[in-house]
Amino acid sequence: AQSEWSTENISCYDDIEKYRKEKDANKRFALAEELFLTYFNGQKSQLEVNVSKNICDDIKAAIQDVKDGQQKVINENLFNAAQGVIKVNLCDTYS
């Protein structure tokens with residue numbers, strides 16, 4: 001496997017953990033938006049991480065569903081798939 005080391009992976013993993021631990025729904029939604037814009041919005045992201053476009057699109061759609069009122073709260077497991085990929089990237093770094 002290709003070695004991938006970047007501070008983006010570490011920062012993103014830590015930020016997802018903060019998101020997951022947040023109990024206040026409004027704060028969690030704000031964190032979800034921040035995570036998306038920072039890591040998962042393609043080239044527009046300041047610290048883009050290497051995850052599939054499908055995962056990024058799923059995150060974006062879930063955030064939009066809350067904005068549109070289709071969902072009341074953002075799911076605390078929203079970033080599970082992304083975090084799984086980031087774990088693999090980090091394991092490649094330290095193997």
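Notes on the structure in this doc start here. Quantities reported herein were computed from a predicted structural model and do not represent experimental measurements.

**Here we look at helix α2 (residues 25-40)**
Along α2, the residues classified as buried are Arg28, Phe29, Ala32, Leu35, Phe36, Thr38, Tyr39 and Phe40. A distance of 3.1 Å separates the backbone nitrogen of Asn26 from a side-chain oxygen at the start of α2, and that oxygen is part of Asp24. Once α2 finishes, Gly42 follows within two positions and takes phi at roughly 60 degrees, a positive value.

**Some details on the packing of helix α1 (residues 7-21) against α2**
At a minimum axis distance of 10 Å, the contact between α1 and α2 shows a crossing angle of 165 degrees. Considering the angle they form, α1 stands roughly antiparallel to α2. Considering how the two elements wind past one another, α1 and α2 form a crossing that is left-handed. Contacts between α1 and α2 pair Glu8, Ser11, Cys12, Asp15, Ile16, Lys18 and Tyr19 from the former with Arg28, Leu31, Ala32, Leu35, Tyr39 and Phe40 from the latter.

**Observations concerning the nonpolar core**
Grouped together as the largest cluster of nonpolar side chains are 22 residues, with contacts concentrated most on Phe40, Ile59, Ile63, Ile74, Leu78, Phe79 and Ile86. Elements with a contribution of two residues or more to this core: α1, α2, α3 (53-67) and α4 (80-94). Tallying contributions element by element places α2 first for this core, with six residues. Not counting chain neighbours up to four residues away, the residues in contact with Ile63 comprise Phe29, Ala32, Glu33, Phe36, Ile74 and Leu78.

Each value, and the rule that gives it
- Residues numbered from 1 in each chain as written.
- Predicted model: local features only at pLDDT ≥ 70, side-chain atom pairs only at ≥ 80, totals over all residues.
- Heavy atoms only, no water.
- Buried < 20%, exposed > 50% of the residue type's maximum accessible area, 1.4 Å probe, protein only.
- Helix = DSSP H or I, 4+ residues; strand = E, 2+ residues; numbered from the N terminus.
- Polar contact = N/O pair within 3.5 Å; in protein donor to acceptor, adjacent residues only side chain to side chain.
- Axes fitted to C-alpha atoms, helices over the stretch in contact; angles between N-to-C directions.
- Parallel < 35°, antiparallel > 145°, perpendicular 65-115°, else oblique.
- Left-handed = near helix turned anticlockwise from the far one by under 90°.
- Contact = heavy atoms within 4.5 Å.
- Core = buried A, V, L, I, M, F, W, Y, C linked by side-chain atoms within 4.5 Å.

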